[in-house]
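Structural description and commentary
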Amino acid sequence: MRKIGALTLVVKDYDEAIQFYVEKLNFKLIQDTKLDDQKRWVVISPSDTNETHILLAQAASSEQKQAIGNQTGGRVFLFLHTDDFWKDYNHMKAKGITFLEEPREEVYGTVVVFEDLYGNTWDLIEPKN
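Below is a summary of the structure that appears in this document. (Residues numbered from 1 in each chain as written. Predicted model: local features only at pLDDT ≥ 70, side-chain atom pairs only at ≥ 80, totals over all residues. Heavy atoms only, no water.)

The next point concerns the side chain of Arg-40. Within the secondary structure, Arg-40 sits in strand β3 (residues 40-45). Polar side-chain contacts of Arg-40 include one of 3.0 Å to the side chain of Asp-15. Here the side chain of Arg-40 touches Asp-32 through a polar contact of 2.7 Å, side chain to side chain. Contact partners of Arg-40, with chain neighbours within four places excluded, come to Tyr-14, Asp-15, Ile-18, Asp-32, Thr-33, Lys-34, Leu-35 and Leu-56. (Helix = DSSP H or I, 4+ residues; strand = E, 2+ residues; numbered from the N terminus. Polar contact = N/O pair within 3.5 Å; in protein donor to acceptor, adjacent residues only side chain to side chain. Contact = heavy atoms within 4.5 Å.)

With 29 residues, the main nonpolar core has Tyr-21, Leu-56, Phe-114 and Trp-122 as its most contacted residues. A per-element tally of this core places helix α1 (residues 14-24) first, with 5 residues. Sequence-distant contacts of Phe-114, defined by excluding residues within four places in its chain, comprise Leu-25, Leu-80, Met-92, Ile-97, Thr-98, Phe-99, Asn-120, Thr-121, Trp-122, Asp-123 and Leu-124. (Core = buried A, V, L, I, M, F, W, Y, C linked by side-chain atoms within 4.5 Å. Buried < 20%, exposed > 50% of the residue type's maximum accessible area, 1.4 Å probe, protein only.)

Burial along strand β5 (residues 78-81) is one-sided: the face carrying Leu-78 and Leu-80 is buried and the face carrying Phe-79 and His-81 is not. As defined by bridge partners, β5 adjoins strand β9 (residues 121-127) across 4 bridges and the pair is classed as parallel. Paired with Leu-80 across the strands is Leu-124, a residue of β9. (Pairing = 2+ DSSP bridges.)

Any functional reading would require information that these geometric values do not contain.
Right, here's the structure in full:
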């Protein structure tokens, strides 16, 4: 069996990124291990049982700093699936998440685009069965 275990998200600061994803998006902090004076192994996930994780990587070079908030050149970066769109949408809205549009129905499900703390765009989607 093969799977993608983690994706890297370049961030400005470990602690502010952890706070945003855990407190505003209800992600789980899976691991936070200090590797040296500047580098940590920080892993988050949308839930305890999710097989795909996000590795938060604090930018260490000017090239990496330029990628913060523009991981995919302006395209939607990640797709956060939910089984209760309106519950998650309302929670995120109450937590001050910036939405770039109103929720809409598409052939593949209910979707809305939102920004993370650095401006990366995400889709919140409740897929149709």
